[in-house]
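Understanding the architecture of this molecule
One letter stands for each residue in the lines below.
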Amino acid sequence: MINQLFALIVDESKWLTASMGFALLAVTVLLYRHRLSKLSTRRRVLAAMNLFFGVTIGTMAFGHLLAVTTKLALTTLEGSVPMFYLIGIALAVPSWWLIYHTREILVSSNDHGRATLGLNA
């Protein structure tokens, strides 16, 4: 049973499906919560796209870090441990920042084009 869990954690093909499912759920909740608000369609679409992208990449970064930690614990990791963790953190930090930025898009009336562009890049 535990070996099946380890195999599931380190299987890269499962993380994309799971992360896109989480992202779809997050966007659905976002749009449902703001269905009666007076926000412009442009702002809602921008927030939904940023949230979907941020949750997808953030979940995949979490999966990467979890897989690296699992392989490290099983002593099957080949390669540079600091580099693998650095890659995961480099993906996780901007994606979770983008998720946080989605709230600012919905609350603030400022134009968020430049910040959104930078975070998505």
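Here the structure is a predicted model, which means the values were calculated and not measured.

1. With respect to the overall build of the chain
Secondary structure assignment for the chain yields five helices and zero strands. If you list the helices and strands of the chain from N to C, you get α-α-α-α-α. In the chain, buried positions account for 29% of the 121 residues. Within the chain, contacts between residues separated by at least 24 positions form 66% of all contacts whose residues are at least 6 apart in sequence. Accessible surface computed for the chain: about 8200 Å², of which carbon and sulfur atoms make up 70%.

2. Some remarks on the side chain of T70
Within the secondary structure, T70 sits in helix 3 (residues 41-73). Since its relative accessible area comes to 8%, T70 is described here as buried. Here L66 takes part through its backbone oxygen, which lies 2.7 Å from a polar atom of the side chain of T70. For T70, the residues in contact, after removing those within four places along its chain, are F6, I9 and V10.

3. Topic: the nonpolar core
One finds A23, V27, L30, A47, A48, L51, V55, I99, I105 and L106 forming the largest nonpolar core, which totals ten residues. Those elements that provide at least two residues to this core are helix 2 (12-33), helix 3 and helix 4 (81-107). Per-element tally for this core: the top contributor is helix 3, with four residues. Ignoring anything within four residues of it in the chain, the contact list for L51 reads A26, V27, L30, I99 and T102.

4. Notes on the pattern of salt bridges
By the definition in use, this model includes one salt bridge. The shortest N-O distance in the salt bridge between K14 and D11 comes to 3.2 Å. Taking the relative accessible area as the measure of exposure, K14 reaches 42% and is therefore partly exposed.

5. Topic: a nonpolar patch on the surface
Where nonpolar side chains cluster on the molecular surface, the patch consists of M83, L86, I87 and L91 and spans about 360 Å² of accessible area. Here L91 shows up in helix 4.

6. Describing the packing of aromatic side chains
We describe a pair of aromatic rings using the distance from one ring centre to the other and the angle between the two ring planes. Taken as a whole and assessed by the stated rule, the structure comprises one aromatic pair. With a centroid separation of 6.2 Å and an interplanar angle of 80°, the aromatic rings of W15 and F62 are classed as edge-to-face. Placement of W15 in helix 2 and of F62 in helix 3 is noted, with a sequence separation of 47 residues between them. Given a relative accessible area of 48%, F62 falls into the partly exposed group.

Quick notes on the rules
Residues numbered from 1 in each chain as written. Predicted model: local features only at pLDDT ≥ 70, side-chain atom pairs only at ≥ 80, totals over all residues. Heavy atoms only, no water. Helix = DSSP H or I, 4+ residues; strand = E, 2+ residues; numbered from the N terminus. Buried < 20%, exposed > 50% of the residue type's maximum accessible area, 1.4 Å probe, protein only. Contact = heavy atoms within 4.5 Å. Areas by Shrake-Rupley, 256 points an atom, 1.4 Å probe, with all protein chains shown as cover. Polar contact = N/O pair within 3.5 Å; in protein donor to acceptor, adjacent residues only side chain to side chain. Core = buried A, V, L, I, M, F, W, Y, C linked by side-chain atoms within 4.5 Å. Salt bridge = Lys/Arg side-chain N within 4 Å of Asp/Glu carboxyl O. Patch = residues over 30% accessible without salt bridge, like charges linked within 9 Å, V, L, I, M, F, W, Y side chains within 5 Å. Phe/Tyr/Trp six-rings, centres within 6.5 Å; stacked < 30°, edge-to-face > 60°.

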